[in-house]
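Fold and geometry: a report
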Amino acid sequence: MTKPIISVENLGKRYRVKRPGMREGGGLRHAIEAGAASLWNGLSRMFKGRAPYDRIAPEDEFWALKDINFEVQAGECVGIIGRNGAGKSTLLKILSRITEPSTGRAVLRGRVGSLLEVGTGFHPELTGRENIFLNGAILGMRRHEINKRMDEIVAFAEVDEFLDTPVKHYSSGMYMRLAFAVAAHLDPEILIVDEVLAVGDVQFQKKCLGKMSEVAKDGRTVLFVSHNMAAVQSLCKIGVLLEQGSVVQVGLASEAVTAYLANGSICGEGFNTSGRQRKPTNCEIIDAWIERDGVPTQALLFGERADIIIVIQVVKRIKFAVEMILRQQDGLAVKFAPSGLAFDWEIDQASGSLKIRCQLPPMRFASGGYSIDLITACSGKEFYDYIESGLRFTVDSSAVGERNWMFNQSRNQGYSLWEVNYQVDQNEITQGL
Amino acid sequence: MMMKPLHEEPHVLVLAPGEADHRFWRDLWHYRDLLVFLAWRDIAVRYRQTIAGVAWALLQPAMTMILFTIIFGRLAHMDGGGMPYPLLVLAGLIPWQLFSAALTGSGDSLVANAGLISKVYFPRIIIPMAAVSVAIVNALVSLALLAVLMPVYGVWPTWRLVALPLLLVLTALIALGAGLVVAAMGVRYRDIRFVLPFVVQCGFFAAPVGYSTVVVPEHWRMVFALNPMVGVMEGFRWSILGHAVHELPQMLAMSATTMVVLLVVGRWAFRAVERDAADWL
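So, here's what we can say about the structure. Remember, predicted model here, so these are calculated numbers, not experimental data.

How each quantity is defined
- Residues numbered from 1 in each chain as written.
- Chains lettered and ligands numbered in written order.
- Predicted model: local features only at pLDDT ≥ 70, side-chain atom pairs only at ≥ 80, totals over all residues.
- Heavy atoms only, no water.
- Helix = DSSP H or I, 4+ residues; strand = E, 2+ residues; numbered from the N terminus.
- Buried < 20%, exposed > 50% of the residue type's maximum accessible area, 1.4 Å probe, protein only.
- Contact = heavy atoms within 4.5 Å.
- Areas by Shrake-Rupley, 256 points an atom, 1.4 Å probe, with all protein chains shown as cover.
- Core = buried A, V, L, I, M, F, W, Y, C linked by side-chain atoms within 4.5 Å.
- Buried area = accessible area lost by both parts, 1.4 Å probe.
- Salt bridge = Lys/Arg side-chain N within 4 Å of Asp/Glu carboxyl O.
- Polar contact = N/O pair within 3.5 Å; in protein donor to acceptor, adjacent residues only side chain to side chain.
- Nonpolar A, V, L, I, M, F, W, Y, C, P; charged D, E, K, R; others polar.
- Pairing = 2+ DSSP bridges.
- Axes fitted to C-alpha atoms, helices over the stretch in contact; angles between N-to-C directions.
- Disulfide = S-S within 2.5 Å.
- Left-handed = near helix turned anticlockwise from the far one by under 90°.
- Patch = residues over 30% accessible without salt bridge, like charges linked within 9 Å, V, L, I, M, F, W, Y side chains within 5 Å.
- Phe/Tyr/Trp six-rings, centres within 6.5 Å; stacked < 30°, edge-to-face > 60°.

Along the backbone of chain B there are twelve helices and one strand. Evaluated residue by residue, chain B yields a buried proportion of 51% over its 281 residues. Within chain B, counting contacts between residues at least 6 apart in sequence, those at least 24 apart form 80% of the total. Summing over all exposed atoms, chain B offers an accessible surface of approximately 13,100 Å²; the carbon and sulfur share of this is 71%.

Printed below as a string of structure tokens:
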């Protein structure tokens, strides 16, 4: 087997955290006071043969990444996922040489092209052609390489007639296309891409995704960071899940996405009885969770199906119904599912515990937090057990439709997609004015 | 995209603490085109949408020279020491402006290009180097002023003029060395942004722009020459006008030594900051 094109061993990045007592921003005066001490420290360490910059006191340090290990084989497309602050950007910054690791090492066996931002170094006053040269040089291309690819870049960006116009007069779409075109023609063996697809119009996004998968098919290696789980799943074979600075899973992209969603540490609680409204009688709810493809989870993607499992302890033989109320983040009740009243489904069971599987319809919900009230009741008469917000889950931000539109609770456009079939009535079109 | 066999050119990059130091010169060489493009960008952008364009590089020293000639030459009757006063000023002004523009430009360059540094890798030292290059181009343009004024005052070029390019390089390297120190400090301490213009302003009066070092008492001259620009400026006057203070060789030696020290210290300070500059910007 050939050597992996990227191997990361025990990689770590440490930052200095300011203690509350330290003055914000540092400043020269503070630096001179502290500097004299640390200069002496550094010098004496240097003479003792230790690195002078390794002097952050343990209580001041914060590990953005710690003990990262993974390998990537040539030609693989790897998606790096994780929540905000999980260390994704730090990892990309190290691999693209913007900052040095504090510990460990990474070996990259190929020409690296990194694209943490589209259009880095573009200057509005310069023309499209001038910016191609400048941006190309910034990305590490030699002048003759840029010359050689100029036609391809211009064709990809579709800006040929505006090539000698300053880019400040470009539309934002043209600007993005040009910027991506330069980077796309960098021709690296390893391409590192950060979330750049979150911008631009539909065609542009499709083009970028197309270019990236073309790059991947070509035997190049792509490292792709994104919040868009759908894009990661469709583009990447391998997924690396980061959490609080550590790799928690390396495997198939779909498995990593599942693990990302299943991970409950963000919303914290699973079954929570603190909202219990009354002392339970007859049938007590003793556990509940949400399952996605048979795996417990607390986060779902837009449009996914999930099951809710409720475990009930029945004390004496009694007929009861199960009811659930779905609440938005702000507590507003938005859906009600009374098994007895609406669906004529009730349980008549001897004592013992039983597990009820509630199959939910596809959750075409806005991203954000939701909670569910769990209820057992004698339909329409009395509650046996009532736990308000007994279960919580989040719908993760993921793009809806083709345009990368994010549906979010906080936008106040409702919580659920209203699936209207829009069409023009062909018989009623009036020609002309 | 054409597929290149991966084994054709083994290109192994090791990222580990302190590893970047081993690649310094190789990287610098690989990114040499970027130096040209960055310098060119700064020049192009500076003069775009101006009416006078590159002529500003001439107008600025010309106006300073006229001002000095009127105020010090005419009103204060400052002595040219046998040299035409406007030429004496100009011969001091061109290296001084090169120095101050290069120092200010490179000193501020890392912070000014923070957007680049936090988003893409390239040898960071290219940024201050590009800033110095811009100042050099400006200085070369302003030399035209000298070419016009020399015949006017009946001063003709001699073989000494060959020293001029060397003196320009010396000035640029002194400024680069100092600029590296300033840029390195400026990344962590933004105070530098406020201190630097003031220091440069003071330097302007401490340097012999409007007068010749001849007016400085003899036993103070070498102390005066601790300012590395004194040697360079007197060197300019010798190269153009043929008048030299007799300590000129020692003064130039002082300037050259200072240059070496500044470059060594500057590179060290810069490297120390460079490794995590992106985290501070």
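Structure shown, so let's carry the discussion forward.
Looking only at helices and strands, chain A features eight helices and 21 strands. Counting every position in chain A, which comprises 433 residues, the buried fraction comes to 52%. For chain A, restricting intrachain contacts to residue pairs at least 6 apart in sequence, the fraction spanning at least 24 positions comes to 72%. Split by element, the accessible area of chain A, about 21,100 Å² in all, is 51% carbon and sulfur.

Before going further, it helps to spend a moment on the environment of Arg392(A). Residues and elements named next belong to chain A. Tracing the sequence through the fold places Arg-392 in strand 19 (residues 382–395). A relative accessible area of 35% places Arg-392 in the partly exposed class. Arg-392 sits 63 residues away from Gln-329 along the chain, and the two C-alpha atoms are 9.5 Å apart.

Membership of the largest hydrophobic core comes to 138 residues, with the highest contact counts inside it found for Leu91(A), Leu95(A), Ile132(A) and Trp96(B). In terms of residue count, the dominant contributor to this core is helix 7 (residues 163–188) of chain B (15 residues). For Leu91(A), the residues in contact, after removing those within four places along its chain, are Leu11(A), Leu65(A), Ile68(A), Phe70(A), Ile80(A) and Leu242(A). Val322(A), Met363(A), Ala366(A) and Tyr384(A) belong to the second-largest nonpolar core, a separate cluster that totals 36 residues.

Take the interface of chain A and chain B next. Contacts between the two partners involve 56 residues from chain A and, on the opposite side, 47 residues from chain B. Across the chain A/chain B interface, buried area totals approximately 4,800 Å², and carbon plus sulfur atoms make up 59% of it. Here chain A is connected to chain B by three salt bridges. Inspection of the chain A/chain B interface yields nine residue pairs in polar contact (both at pLDDT 80 or more). When residues of the side of chain A that touches chain B are traced back to their parent elements, those giving at least two are strand 1 (6–16), helix 1 (28–47), helix 2 (88–95), strand 4 (103–109), helix 3 (128–138) and helix 6 (202–217) of chain A. Top contributing element to the side of chain A that touches chain B by residue count: strand 4 of chain A, with seven residues. Along the lines of polarity and charge, the residues of the side of chain A that touches chain B split into 23 nonpolar, 14 polar and 19 charged. Where strand 4 of chain A and strand 1 (residues 12–15) of chain B come together, four bridges link them in antiparallel fashion. Residue pairing across strands places Arg109(A) opposite Val12(B), the latter belonging to strand 1 of chain B.

Attention shifts here to the sheet that holds strand 5 (residues 112–115) of chain A. Residues and elements named next belong to chain A. The mixed open sheet is built from six strands, whose spatial order is 5-6-7-3-8-9. Edge strands, defined here as strands with exactly one partner in the open sheet, are strand 5 and strand 9 (246–252). Mean inter-strand twist for the sheet, computed between neighbouring axes without regard to direction, equals 15 degrees. Relative to strand 9, strand 8 (residues 238–243) runs antiparallel, the two sharing six bridges. Within the sheet, the bridge partner assigned to Ile-238 lies in strand 9 and is Leu-252.

Turning our eyes to something else, we now look at the side chain of Gln328(A). Residue and element names in this part refer to chain A. Along the chain, the position of Gln-328 falls in the loop between strand 14 (318–327) and strand 15 (333–338). On the basis of relative accessibility, which here comes to 15%, the residue Gln-328 falls in the buried class. When sequence neighbours within four positions are dropped, the list of residues in contact with Gln-328 reads Val-334, Gly-369, Tyr-370, Gln-409 and Tyr-415.

Attention now moves to the pattern of salt bridges. Applying the stated criterion across every chain yields a total of 21 salt bridges over all chains. In this structure, Glu145(A) and Arg111(A) form a salt bridge, with 3.4 Å as the shortest nitrogen-oxygen distance. Placement of Glu145(A) in helix 4 (residues 143–157) and of Arg111(A) in the loop between strand 4 and strand 5 is noted, with a sequence separation of 34 residues between them. Residue classification places Glu145(A) among the buried positions, given a relative accessible area of 12%. Take Arg111(A): its relative accessible area is 17%, and that puts it in the buried class. Of the charged contacts in the structure, one is a salt bridge between Arg48(B) and Glu130(A), with a shortest N-O distance of 2.9 Å. With Arg48(B) in the loop between helix 2 (32–47) and helix 3 (56–75) and Glu130(A) in helix 3, the pair connects residues from two separate chains. Residue classification places Glu130(A) among the buried residues on the basis of a relative accessible area of 18%.

Below, the discussion takes up the state of the cysteines. Residues and elements named next belong to chain A. Counted under the stated rule, the structure contains zero disulfides over all chains. Here Cys-236 is not cross-linked by a disulfide; its sulfur's nearest cysteine counterpart is in Cys-77, at 3.7 Å. With relative accessibility at 7%, the residue Cys-236 sits in the buried group.

Turning our eyes to something else, we now look at the packing of helix 7 of chain B against helix 11 (residues 248–274) of chain B. Residue and element names in this part refer to chain B. Running from N to C, helix 7 and helix 11 point in directions that differ by 30 degrees, and their axes come no closer than 8 Å. As for the relative orientation of helix 7 and helix 11, their crossing is left-handed in sense. Of the residues in helix 11, those touching helix 7 at Leu-167, Leu-170, Leu-173, Ile-174, Leu-176, Gly-177, Ala-178, Leu-180, Val-181, Ala-183, Ala-184 and Val-187 are Leu-252, Ser-255, Ala-256, Met-259, Leu-262, Leu-263, Val-265, Gly-266, Arg-267, Ala-269, Phe-270 and Val-273. The class makeup of the residues in the contact of helix 7 with helix 11 is 20 nonpolar, three polar and one charged.

With that settled, consider a nonpolar patch on the surface. Nonpolar side chains collect at one region of the surface, where Ile66(B), Leu67(B), Ile70(B), Ile71(B) and Leu75(B) lie side by side and expose about 490 Å² of accessible area between them. When you line up the elements, Ile71(B) lands in helix 3.

An order of 2(A)-1(A)-4(A)-1(B) is seen for the four strands of this open sheet, with the pairing classed as antiparallel. Two strands bound the open sheet, and with one partner strand each, they are strand 2 (61–72) of chain A together with strand 1 of chain B. Ignoring which end each strand starts from, the neighbouring axes of this sheet average 20 degrees apart. As paired elements, strand 1 of chain A and strand 4 of chain A share five bridges and run antiparallel to each other. Its bridge partner lying in strand 4 of chain A, Glu9(A) is registered against Arg105(A).

On to the packing of aromatic side chains. Within this structure, the stated rule accounts for 18 aromatic pairs over all chains. Considering the side-chain rings of Phe383(A) and Tyr386(A), the 5.1 Å spacing of their centres and the 80 degrees angle between planes classify their relative orientation as edge-to-face. Summarising the aromatic geometry, the rings of Phe204(B) and Phe205(B) are spaced 5.4 Å apart at their centres and angled 80 degrees between planes, so their arrangement reads as edge-to-face. Cluster of aromatic residues (ring-pair linked, three or more members): Phe68(B), Phe72(B), Trp96(B), Phe99(B), Phe204(B) and Phe205(B).

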